[in-house]
Amino acid sequence: MTTTPSHPAAELPGRPPIVDLATWQAARDELLVREKAHTREGDAIAAARRRLPMVEFDGKVEVVGPDGPVPFLDLFQGRDELVVYKHMWYDGAPPQGQCEGCTTTAWSMKDAVYLNARGVSFAIVTTGPWDEVASFVEFMGYTQPWYSVRHVEGPAGGDMGYVACFLREGDRVFLTYSTTGRGNERINGSLGLLDMTPYGRREGWEDNPEGWPEAPEAGAPVGGHGAPICWYWRSDADGNATWGPTSRPAPQWTCPDATPVETLGRRGPHH
């Protein structure tokens, strides 16, 4: 049985109109047409992505992991395909001083069991020295394979803050795709779910209904009713959004040894 509001004409200020279920369904069906077109265009883009030319490079170039130097080929773990997230790094910074955007991205990929089932391996690389990287990985409790690509040129190393895809044919290795910025959002499914919610991500660039709760200013780490821009999600020990000496990337507060410290050991927001 469908219920309707007792006072359907009583609108909420700064909100979309209140309607009955049938009216809502008609509007929802209209939007669904656009969503399906978006899905089909995404499929077409994925098809074009699979047809991009490839770049061959030396798969024997060495990266450093928990077992010392190993060839980049080892990251495939015997599979034919590999997805790599290139994590930014600040030399000498404590855990809370590392990139909050990259921390959020890496935290969202707890394991790659479903990728592995499709013959795809996953690894994270960064330019930090291995002893610092190992300490960070242990603190965060990460289970993904991590490697240092310090002083390693691209495509295996190079610029960080990217997702890169590789193909292996025997001992030959090819770069097939790379993306950065919002292209990295594919790893963090929470952002897609936020896009479905009434208030969205609460980022300053979003197009919201008139009178919608204020969003933070674009480029600011914190703002708008205490809601931080997602990319700079930092909080204090009580969960309050903040940028300062007692803040950390939000996921870190679930780590047993995450306590406020006096300095972040880095310069501040970036990207």
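Everything discussed here concerns the structure shown above.
All figures in this text were calculated on a predicted structure; none of them were measured in a lab.

**Student:** Would you explain unusual backbone geometry in this entry?
**Tutor:** Most of the time, phi is negative for any residue but glycine, and the peptide bond is trans. For the peptide bond that leads from Gly154 to Pro155, omega is 5°, which places it in the cis range. Its location among the elements puts Pro155 in the loop between β6 (146–148) and β7 (162–169). One non-glycine residue, Gln77, adopts positive backbone phi at about 55°. Tracing the sequence through the fold places Gln77 in the loop between β3 (68–71) and β4 (81–87). A relative accessible area of 45% places Gln77 in the partly exposed class.

**Student:** Teacher, can you tell me more about a nonpolar patch on the surface here?
**Tutor:** Side chains of Val19, Leu21 and Trp24 sit close together on the surface and give an oily, nonpolar patch of about 280 Å² of accessible area. Note that Trp24 resides in helix α1 (residues 21–50). Given the relative accessible area of 45%, Trp24 is considered partly exposed.

**Student:** Sorry, what's going on with the pattern of salt bridges here?
**Tutor:** In a structure, side chains of opposite charge can pair up when their charged atoms sit close to one another. Under the definition given, this model contains 7 salt bridges. The salt bridge partner of Asp80 is Arg168, with a shortest N-O separation of 3.4 Å. Of this pair, Asp80 sits in the loop between β3 and β4 while Arg168 is found in strand β7, placing the two residues 88 residues apart along the sequence. Owing to a relative accessible area of 43%, Asp80 belongs among the partly exposed residues under this scheme.

**Student:** Is there a simple way to explain α1 in this structure?
**Tutor:** Along an α-helix, a turn takes 3.6 residues, which lines up residues three or four apart on a common side. Across its 30 residues, α1 extends 42 Å between first and last C-alpha, which sits within 8% of the 44 Å expected from 1.5 Å per residue. Residue Asp20 occupies the N-cap position of α1, its side-chain oxygen lying 3.1 Å from the main-chain nitrogen of Ala22.

**Student:** What should I look at first to understand the pairing of strand β2 (residues 62–65) in this one?
**Tutor:** If a strand is regular, its side chains alternate between the two faces of the sheet. Going residue by residue along β2, you find Val63 and Gly65 tucked away on one face and Glu62 and Val64 left uncovered on the opposite face. Adjacent in sequence and paired antiparallel, β2 and β3 are bridged by 2 residues.

**Student:** What is the right way to look at the nonpolar core in this model?
**Tutor:** Phe72, Leu75, Leu82, Trp146 and Phe166 are the most contacted members of the largest nonpolar core, which totals 46 residues. At the level of elements, β4, α2 (100–107), β5 (120–126), α4 (130–140), β6, β7 and β8 (172–180) are the ones that each hand at least two residues to this core. In contact with Phe166, not counting residues within four places along its chain, are Phe57, Phe72, Phe76, Asp80, Glu81, Leu82, Val84, Pro155, Val173, Phe174, Leu175 and Thr176.

Definitions and limits used
- Residues numbered from 1 in each chain as written.
- Predicted model: local features only at pLDDT ≥ 70, side-chain atom pairs only at ≥ 80, totals over all residues.
- Heavy atoms only, no water.
- Helix = DSSP H or I, 4+ residues; strand = E, 2+ residues; numbered from the N terminus.
- Buried < 20%, exposed > 50% of the residue type's maximum accessible area, 1.4 Å probe, protein only.
- Patch = residues over 30% accessible without salt bridge, like charges linked within 9 Å, V, L, I, M, F, W, Y side chains within 5 Å.
- Areas by Shrake-Rupley, 256 points an atom, 1.4 Å probe, with all protein chains shown as cover.
- Salt bridge = Lys/Arg side-chain N within 4 Å of Asp/Glu carboxyl O.
- Expected span 1.5 Å × (residues − 1).
- Polar contact = N/O pair within 3.5 Å; in protein donor to acceptor, adjacent residues only side chain to side chain.
- Pairing = 2+ DSSP bridges.
- Core = buried A, V, L, I, M, F, W, Y, C linked by side-chain atoms within 4.5 Å.
- Contact = heavy atoms within 4.5 Å.

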